[in-house]
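Survey of secondary and tertiary structure
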Amino acid sequence: MADTVTNDPDVLSSKPTVVEATVHAPIGDPAPIGLAGFAMTTMVLSLANAHVIGTSAVNAVLPLALFYGGLAQLLAGMWEVRNRNTFGALAFTSYGAFWLSFYFLIKYWTVGLSAGATNDAVGFFLLFWGVFTFYMFIASMGTNVAVMLVFLSLTVTFFLLAAGTLGGQSGGYFQVYEAGGYAGIVTAAVAWDTTFAGVTNATWKRTVLPVVPLNPGADKGAHGLLVRRPNGRAAAA
């Protein structure tokens, strides 16, 4: 039987066009990419900050900060915009920009500065990133336990590193800074675990490694960071 043709504007407006369906269709999940870049770069720098490896390891951090922690995360953030995921877009774009700015801060801006001026510049840089990370931690409570733990540990990392740096890393502030390095190691490990869950669950197309959703009303997707309404449209986390 032939389909009934109607000119009723209410009926017509309720049906998505082919163009709309194509524009709003989600692309591949960019979260594991962004988290992997963040985790590896954070791990190498944190091992140096905790003095587990030599501080000369910063030479290895800078290329990672520029390309994997920086550029790859920035691209993941843009893809999250395409997926209409506000939380993922803000997180990956911001921390991609963090690593890019860190690269230029260490490579160029602090060169030639006194030790005190360098500590002030880097310390306040870390402090305000800690503030940003804290409110992202609050927002992450609408995602899942894995992502929330990443932001919780990262908040602690930033504030410890900021305090130790502003204190000149001397006396008790040396231990504070070193504690920030160990907190960063924990942060990187949790982020790696989360991206491992993301790529594994997506590849196996089932939950192999649970991330424990905190928002029962949303479809978390394979990796647990992409928050979606039940009808499939992305929602702000």
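As a starting point, this report considers the structure included with it. From a predicted model like this one, the values you see are computed outputs, not experimental measurements.

Across its full length, the chain holds 8 helices and 0 strands. Taking all 237 residues of the chain together, the buried fraction comes to 42%. If you take every contact in the chain between residues at least 6 apart in sequence, the share linking residues at least 24 apart comes to 68%.

Once that is clear, we can look at the packing of helix α6 (residues 115–140) against helix α7 (residues 145–166). Axis separation between α6 and α7 bottoms out at 8 Å; the angle between their running directions is 160°. The angle between α6 and α7 falls in the class roughly antiparallel. Crossing of α6 over α7 shows left-handed handedness. Considered class by class, the residues forming the contact of α6 with α7 number 19 nonpolar, 7 polar and 1 charged.

Here the focus is a nonpolar patch on the surface. Together, L90, F124, F128, V131, F134, Y135, I138, M141, F159, L166 and L214 make up a nonpolar patch on the protein surface, roughly 970 Å² of accessible area in all. For the nonpolar patch, the secondary structure elements donating two or more residues are α6 and α7. With respect to the helices, strands and loops of the structure, F159 is situated in helix α7. Given the relative accessible area of 32%, F159 is considered partly exposed.

Time to look at the packing of helix α4 (residues 58–82) against helix α5 (residues 86–109). If you want to describe how two helices pack, look at the angle between their axes and the distance between the axes. Their axes nearest at 7 Å, the elements α4 and α5 cross at an angle of 155°. Judged by the angle between their axes, α4 and α5 are roughly antiparallel. As for how α4 packs across α5, the hand of that crossing is left-handed.

Attention now moves to the packing of aromatic side chains. In total, this model carries 20 aromatic pairs according to the counting rule given. For the pair Y103 and F104, a centre-to-centre distance of 5.1 Å together with 90° between the ring planes defines the contact as edge-to-face. Y103 sits in the buried class, given a relative accessible area of 13%. You can call F104 partly exposed: its relative accessible area is 36%. Three or more aromatic residues link up through ring pairs in this structure, and these residues are F38, F87, Y95, F98, W99, F102, F125, W129, F132, Y135, F151 and F158.

What counts and how
Residues numbered from 1 in each chain as written. Predicted model: local features only at pLDDT ≥ 70, side-chain atom pairs only at ≥ 80, totals over all residues. Heavy atoms only, no water. Helix = DSSP H or I, 4+ residues; strand = E, 2+ residues; numbered from the N terminus. Buried < 20%, exposed > 50% of the residue type's maximum accessible area, 1.4 Å probe, protein only. Contact = heavy atoms within 4.5 Å. Axes fitted to C-alpha atoms, helices over the stretch in contact; angles between N-to-C directions. Parallel < 35°, antiparallel > 145°, perpendicular 65-115°, else oblique. Left-handed = near helix turned anticlockwise from the far one by under 90°. Nonpolar A, V, L, I, M, F, W, Y, C, P; charged D, E, K, R; others polar. Patch = residues over 30% accessible without salt bridge, like charges linked within 9 Å, V, L, I, M, F, W, Y side chains within 5 Å. Areas by Shrake-Rupley, 256 points an atom, 1.4 Å probe, with all protein chains shown as cover. Salt bridge = Lys/Arg side-chain N within 4 Å of Asp/Glu carboxyl O. Phe/Tyr/Trp six-rings, centres within 6.5 Å; stacked < 30°, edge-to-face > 60°.

Purely geometric stuff here, so don't read any function into it on its own.
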